[in-house]
Structure formats: C-alpha cells, structure tokens
Amino acid sequence: MADKDKKPEVLKTAVKAVSEGVSRRGFLKNAAVATTVVAAAAGITKTISTIIPKENFQKKYADDILAGDKALVEREYVVMSDEEKKDIVKQFESSYKYYKS
Amino acid sequence: MIALSDEKKKNETPEEESSRRDFFKTIGLAGAGAVAGAAALVTGSDEAEAKMTFSEYFQKNYRLMDDAEKKEAAARMEKRYSEEYGKKTRVGVEPAQEGVLFGYALNIQKCIGCRRCVKACVKENNQSRHDPEIEFIRVIKMEKGKFSEAALTKGGYPDGDYGVQVGGNAYRNAGYLLEGQHYYDPPKVPEKDSFYFPMQCMQCEKPPCVKVCPVRTTYRDPDGVVVIDYNWCIGCRMCMGVCPYWARRFNWGAPKLPKKEMNPDTHYMGNRPRMKGVVEKCMFCVQRSRRGRYTSCVEVCPVGARKFGNLLDPNSEVRKILDRKRVFRVKAEFNTYPKFFYFID
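Residues numbered from 1 in each chain as written. Chains lettered and ligands numbered in written order. Predicted model: local features only at pLDDT ≥ 70, side-chain atom pairs only at ≥ 80, totals over all residues. Heavy atoms only, no water.

1. Digging into the overall build of chain A
Consideration 1: Helices and strands together make up the secondary structure of chain A, namely three helices and zero strands.
Consideration 2: Element order for chain A, N to C, with α for helix and β for strand: α-α-α.
Consideration 3: Within the span of chain A, comprising 101 residues, buried residues form 19% of the whole.
Consideration 4: Within the structure as shown, chain A displays about 7,600 Å² of accessible surface, and the carbon and sulfur contribution to it stands at 63%. (Helix = DSSP H or I, 4+ residues; strand = E, 2+ residues; numbered from the N terminus. Buried < 20%, exposed > 50% of the residue type's maximum accessible area, 1.4 Å probe, protein only. Areas by Shrake-Rupley, 256 points an atom, 1.4 Å probe, with all protein chains shown as cover.)

See below:
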C-alpha cells in the first residue's frame, strides 16, 4: 500500500519538475530567439540604410535659401526719411521699456 | 489580511497560475525586445544625439529654467562637448546686458563681396562644414543699375519697380539678380558693374518666427536678439516659412563639424554644436557680444562695412549711422521692424 501511495507522489514530482523545466527552457529559448530577431532586424535595417543612396543635404539646404535670393530680385529699396529714422529709434526705446517691464 | 490572502491562494487553480506565468513570460519577452530595439535605435542615430543624456532630453525650456538649472544644463553640455570634441569647451549662459538693444548697420557701398564675413561666421558659430556647408550670411551679387541715354531722352522713369540707385539715376532695374549668383566665385572682387548685398537674420523687433513657434523654443531676448533653444526645437520649420528674409537654416542631416575646427567658446543660446533636425540662424554672436565683443563678421570685414552697437546709446556707431547716413531696410513693409540697416555714405 505504502509503495503504491508513493509512486504517484514521485510521478507527480517528476511531472512537475519536467513541466517546470520545459517552461523555463522555453522561456529562455523564446527570449534568446526574440533578442536574435530584434538584433538581426536592426542589423538588416542599418545595412539597408547604408546601401540606399544618401539624401543630398546640400541641395536641400540650397532649395531652402535660394528661393529667398530670387525673391529679392527687383525689389524697391527706399531710403528712410529723417522722420522715419527718428520714429524707429523711439519705437526701439519704447519697445525696450515694454519688454523690460 | 493574511487569512484572506491565504484563502485566495488556496482558491487559485493551476490554470490561473499558468496564465500568470504566461503573462510574466510575455512581459519579459516584450521588455527584452523593447530594450534591444531601443539599443538598436540609439546605435543607429547620429553621434551627438546618441550621446545626449537622459537629463538633457527631459530638461526644461531654457526660458523657464532658474539660474541654478541653467548652470547645471550648461555644465552637462560642457562635459559632453569636451568629451566629444576632445577640447575643453565652455558653454556660456550670460544673459542680455542691461540697457542694451543690439543693432547692425552695413555700408552697401563699401562691401566688396569678399565673403570673409561668411567664412568667419561659419568658423565662429560651429556651423556644418560640408554636405551641407551651412552659412548664416548670404552675400548676393547684384548687377548695378545702368544709365541709358535713350531712356534719358525719352524722359521720366519707366514703369515698374526699381532697385538700389547706385551711381546716379538707374534707367534699368538695379539689384538684378542672376541665377546662381549666391555662390559666385570670381578670381577678383569687387567685380565691375556688380554690387554685393549681404543678408542675414535681421533680428526683427517684432519677429514673425517667434509668433509661429509651436513650442516657444525661439524667442526675443531683452537685448533684441532672437535666440533658439536647440534642445526644444522640434524641427517643424514653421519659423523658416514665415521669415521674410530666409534667414533660418535647417539641419537636414547631422552637422559635420570636424573636432579640430570646433570653436570651444560657446553659448547655450548661440554657437554650441547643434543636432540633426533643428533650426539655426545668426544670433549676433551672443557668445561674444554679451561679453562686450564685436561679432565675428564685424571683426573680420576688411573694409569696415559692418557696424554693430547699442541702439539705445546715442553715441554708438549704429546710432550715429542712423542719425547721419542715408539708411534703408529690406522688406520694411512687413512691419517686422528689422534691427539690421543698410546705409550709403
């Protein structure tokens, strides 16, 4: 009787151990696979990004500013009158006081 | 409490236990994936950004920082730049001086178009050196107006807008800009029949760029300089769209600043190295001007065409020019009140 009772107990422990072992192993396996996949994906992305021709930053920069140069074409530049010059200085003085307050 | 939790434990079925395990397993996997992904992202980004510390990412807008926070932020950057460029770097936090409103005046008749100001500015302000070479100052070559005898006989001025009247009555449009005149490269300057028109940020008194900035990273300091906190710039380019002077530059890629060419004397709001995706522009060399020095373009100009000073001081050069010379502004009709004046002797 005693042996009969013991057997299932041993079996139970073994099954538990096996199932625990499998799940832990499985977890570690999954983690390793996931890390490898992510690292590989990052590596592939980096390789692809280096293969793809790089953007022409000089052209983009020039496109930003050359439009401004063109806009200056044939503009009218009018010399300020003495009144205007006095006014603008007054404006600056009052706006300085405003910003300080 | 203990009895209750024990009771709960007793009632837990093996299924629940296994689902919890599964949950933790999933979380663990997701966490590992996220960490690996973040690491991959950081290693893939440009160097300056990757080296940016956590605290730098989450620092306040400069305007909202108190003095201690400003000093702390500057010290953090000094450490990073010193490591990155291999030289002792200073990041200044000098505020605007009391009773100072900076203004600029440029003698368009004297400018010979040598573009030394452009190069000095690039060097001083740690701009990207190649692909692209970012320049805050553009010197535009323009054709002088020409006198036409036939038009004189006809009498009066022809219809249309007429540019700067250089050398008497111009019966042909002056300031005529030819395609590609931005990067002119003659063997000798000044060229015959040309005049030169340097353009840069006008430090407007009512700057439209400040009004449109959605994150308030660009603002006008009390000394009139429109500054940018690069750490808060989101690169939306709204400021570039509204600037009537095309004075702002965008870092499409990571700026290429060689270590040996880096100027270690910097300012937080000025010439400290920038990163990809932020806007930059001329800020009257705040790292120099706020310590009583001239801007680098003024210092380098071989013909003394550039004048800089305090608009609130009646004895300053720039005020004397305003009082005595023939002065004009570019796009004054926009009412942005530029503090950059052009003058003629």
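2. Topic: the pattern of salt bridges
Residues and elements named next belong to chain B.
Consideration 1: Under the definition given, this model contains 27 salt bridges over all chains.
Consideration 2: Two residues, Arg-129 and Glu-261, come together in a salt bridge whose shortest N-O distance is 2.7 Å. Within this pair, whereas Arg-129 is found in the loop between α6 (116-124) and β3 (138-143), its partner Glu-261 is found in the loop between β7 (249-250) and β8 (265-267), the two being separated by 132 residues in sequence.
Consideration 3: On the basis of relative accessible area, Arg-129 is assigned to the buried category, the value being 13%.
Consideration 4: Glu-191 is the salt-bridge partner of Lys-141, the closest N and O atoms lying 3.2 Å from each other. Of this pair, Lys-141 sits in strand β3 while Glu-191 sits in the loop between α7 (149-154) and β4 (194-199); the two residues are 50 residues apart in sequence, bridging distant segments of the chain.
Consideration 5: Each of Arg-90, Glu-94, Asp-265 and Arg-291 takes part in one network of salt bridges that share partners. (Salt bridge = Lys/Arg side-chain N within 4 Å of Asp/Glu carboxyl O.)

3. With respect to the sheet that holds strand β10 (residues 306-310) of chain B
Residues and elements named next belong to chain B.
Consideration 1: Taken in spatial order, the four strands make up an open sheet running β10-β2-β12-β11, and their pairing is mixed. Each end of this open sheet is capped by a strand with a single partner; those strands are β10 and β11 (326-328). This sheet shows a mean twist of 30° between the axes of neighbouring strands, independent of strand direction.
Consideration 2: With three bridges connecting them, β11 and strand β12 (residues 340-344) associate as antiparallel partners. Note on β12: the bridge partner recorded for Phe-328 is Tyr-342. (Pairing = 2+ DSSP bridges. Axes fitted to C-alpha atoms, helices over the stretch in contact; angles between N-to-C directions.)

4. Some thoughts on the side chain of Lys-339 of chain B
Consideration 1: Residue placement: Lys-339 of chain B occurs in the loop between β11 and β12.
Consideration 2: Setting aside chain neighbours within four positions, we find Lys-339 of chain B in contact with Phe-92 of chain A together with Leu-101, Phe-102, Gly-103, Tyr-104, Met-202, Gln-203, Cys-204, Glu-205, Arg-220, Gly-224 and Leu-311 of chain B. (Contact = heavy atoms within 4.5 Å.)

5. Observations concerning helix α3 (residues 82-100) of chain A
Consideration 1: Over its 19 residues, α3 of chain A runs 27 Å from end to end, which matches the ideal 27 Å to within 8%, given 1.5 Å per residue.
Consideration 2: Among all positions of α3 of chain A, only Lys-85, Ile-88, Val-89, Phe-92, Ser-95 and Tyr-96 of chain A are buried. Down the axis of α3 of chain A, the sector holding all buried residues measures 130°, keeping them to one side. For α3 of chain A, exposure combined with an orientation more than 90 degrees from the buried face picks out Glu-83, Lys-86, Lys-90, Lys-97 and Tyr-98 of chain A.
Consideration 3: At its buried positions, α3 of chain A is contacted by β5 (218-220), α12 (317-324), β11 and β12 of chain B. (Expected span 1.5 Å × (residues − 1). Arc of directions from axis to C-beta.)

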